[in-house]
Amino acid sequence: MYNTPITCLNIPNMLQTFGHQHHHLHEDLFFSRRCIWVNGPVIVGAGPSGLAVAAGLKQQGVPFIVLERANCIASLWQNRTYDRLKLHLPKQFCQLPSFPFPEDFPEYPTKYQFINYLESYAEHFNINPHFNEAVQSAKYDETFGLWRVKTVSTSASNPVEVEYICRWLVVATGENAEKVVPDFKGLKEFSGPVTHACDYKSGESCQGKSVLVVGCGNSGMEVSLDLCNHNAHPSMVVRSSVHVLPREVLGKSTFELAVTLIKWCPLWMVDKILLVLARLILGNVERYGLKRPSLGPLELKNIAGKTPVLDSGALSKIRSRDIKVVPGIKRFAPGRVELVNGENMQIDSVILATGYRSNVPSWLKDNDFFSEDGIPKNPFPNGWKGKAGLYAVGFTRRGLSGASLDAISVALDIAKRWKEETKQTRKSVTGQHRRCIHIFRAIEN
Ligand SMILES: Cc1cc2nc3c(=O)[nH]c(=O)nc-3n(C[C@H](O)[C@H](O)[C@H](O)COP(=O)(O)OP(=O)(O)OC[C@H]3O[C@@H](n4cnc5c(N)ncnc54)[C@H](O)[C@@H]3O)c2cc1C
Ligand SMILES: NC(=O)C1=CN([C@@H]2O[C@H](COP(=O)(O)OP(=O)(O)OC[C@H]3O[C@@H](n4cnc5c(N)ncnc54)[C@H](OP(=O)(O)O)[C@@H]3O)[C@@H](O)[C@H]2O)C=CC1
Ligand SMILES: O=C(O)C(=O)Cc1c[nH]c2ccccc12
């Protein structure tokens, strides 16, 4: 019933093992690349999205394989986030399908609680990703109607290549797969440490130092606040604009309020209401250099994917000038930065909170489903299903709740198709034999 990986060299074995659980039956003794037929989908990425699809498939008895480049599940959360991180949306918007958070979780779980939850999620559904396997390319083979997914193992001292062959491909590599590191004039000459926010853990080592934080999204705000809490002196670059919203309105989550309002009013009206409330609760934040975009917060999130900042304390540090807000960067020089307003600042280090991007265009070949920036072209709610068995989960710019919705649709759709095809092949065993031989030929070529 479960994953049936088999090597390409042994056809009788291949036919035999259909319908059984076997992992890597034969190491390939002749070639450095192994070929594995997967009797079900290949899921790329073991973050929340990949795990949620896997859980849905398990529930319906569909076999699959999850490929993960890191050595653990949810690597974004485990390896690329700072210590003080908490979920910034209330917990009911962050749990994955069919397995609720423990009741004693606080309204905003810490990243450690969230990681523990994801670990128990994987354990509960018995999901065992193939770790240290980065997908290098995935290509649809028109001749055979199959996907060829090539990975390279990142753990072995000499890289091992594997090719997976399957009918369905689920892209779950996330909107935040790679860090964005802009090219700044003179940054190479800057003498101090330069770190991206994904490698920042805490401001412990920055005590007394002047730190330039580039970017004012949720990361830039949180890193600046953390630096303050460790007695460092952060200056935060706001080159264009930002929407800062209170995390709560009269003790109720702003996000929840927005979700409720959206059911009744058009988006622009919800934005107007949010901005009036923000003004009442936070005052005029433009006074501090936090210029608001001309589009409203939800409209901007929808159109440009730019997430509004839900304030969790940085704003009060901006008011008290413990976080200094500065305009865009002109150039760096040894030990200092020159800003677009001509101001020169001595700084000890730089943290780039300049965001993330998808990596899909680098490995998914010949596809017209994803745009150049690696996000499906079709807008929500039609962005989860492509052609020829291609699926995408977690690209709707709707955080964890959006990923969960996608995962449910994708798992249902694949299960339906898998059951149809399995029934067919059971009816005609010769058909199945023929397909296996096709696969063998495909691999040989
Ligand atoms: C600092 C931070 C805080 C956030 N906080 C929240 C929040 O509070 N609430 C919320 O709703 N959302 C939040 N988000 C958004 C975040 O994207 C989601 O929470 C969630 O992690 C998305 O899950 P995902 O599985 O789609 O992507 P990811 O969590 O990024 O998982 C993708 C996985 O795919 C793997 N992968 C990537 N490329 C390859 C490849 N080529 N081959 C094999 N594996 C690959 C990665 O290693 C990773 O493990 C936050 C994001 C960041 C950066
Ligand atoms: N749970 C939580 O508390 C947290 C959640 N997150 C989530 O993670 C995702 C990523 O957030 P984040 O890392 O903040 O990234 P964002 O993409 O939201 O923000 C990037 C910031 O960097 C700025 N920037 C980019 N390039 C330059 C440049 N060349 N010069 C100056 N500034 C530049 C952008 O400015 P501009 O707008 O002008 O391009 C913007 O302010 C978001 O979805 C966010 O909600 C992140 C941290 C904490
Ligand atoms: O944190 C993120 O990246 C999210 O995408 C969560 C999110 C989705 N829609 C929003 C609207 C306002 C603030 C956060 C989010």
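Okay, so let's go over this structure. (Residues numbered from 1 in each chain as written. Chains lettered and ligands numbered in written order. Predicted model: local features only at pLDDT ≥ 70, side-chain atom pairs only at ≥ 80, totals over all residues. Heavy atoms only, no water.)

Focus on the sheet that holds strand 4 (residues 133-141)
Threshold: DSSP calls a pair of strands paired once it identifies at least 2 bridges connecting them. The helix count covers DSSP runs of H or I at least four residues long, the strand count covers runs of E at least two residues long, and both are numbered beginning at the N terminus. The angle between two axes is taken between their N-to-C directions and runs from 0 to 180 degrees, where each axis is a line fitted to C-alpha atoms and a helix contributes only its stretch in contact.
Taken in spatial order, the four strands make up an open sheet running 1-6-5-4, and their pairing is mixed. The sheet terminates laterally at strand 1 (33-37) and strand 4, the two strands that pair on one side only. Each adjacent strand pair in this sheet contributes to an overall mean axis angle of 20°, direction not counted. By the bridge criterion, five bridges tie strand 1 to strand 6 (residues 161-166) in an arrangement that is parallel. When the bridges of strand 6 are listed, Cys 35 appears paired with Glu 163.

What about a positive patch on the surface?
Quick reminder of the rule: The patches reported here contain residues having more than 30% relative accessible area and no salt bridge. Joining distances are 9 Å for like charges and 5 Å for nonpolar side chains (Val, Leu, Ile, Met, Phe, Trp, Tyr). Areas reported here follow the Shrake-Rupley algorithm with a probe of radius 1.4 Å; residue values treat only the protein chains shown as occluding. Salt bridges are identified by distance alone: a Lys or Arg side-chain nitrogen within 4 Å of an Asp or Glu carboxyl oxygen. Only four residue types enter the tally: Lys and Arg on the positive side, Asp and Glu on the negative side; His and the chain ends are excluded. Charge positions come from single atoms, namely NZ of Lys, CZ of Arg, CG of Asp or CD of Glu.
Residues Arg 279, Arg 287, Arg 319 and Arg 321 make up a contiguous surface patch of positive charge. By the secondary structure assignment, Arg 319 is in helix 9 (residues 314-319).

Quick look at the sheet that holds strand 22 (residues 390-392)
In a beta sheet, neighbouring strands are held together by backbone hydrogen bonds and run either parallel or antiparallel to one another. Note the following rule: Any two residues whose heavy atoms approach within 4.5 Å at even a single point are treated as in contact.
With respect to topology, four strands assemble into an open sheet ordered 3-2-7-22, the strand pairing being parallel. Strands with a single pairing partner mark the edges of an open sheet, and in this sheet they are strand 3 (65-67) and strand 22. Going from strand to strand, the sheet's axes swing by 20° on average, the running direction of each strand aside. Across three bridges, strand 2 (residues 42-44) lies against strand 3 in parallel orientation. Each bridged residue has a counterpart across the sheet, and for Ile 43 the counterpart in strand 3 is Val 66. Strands strand 2, strand 3 and strand 7 (169-171) of the sheet are contacted by helix 2 (residues 48-59), whose axis makes an angle of about 160° with strand 2.

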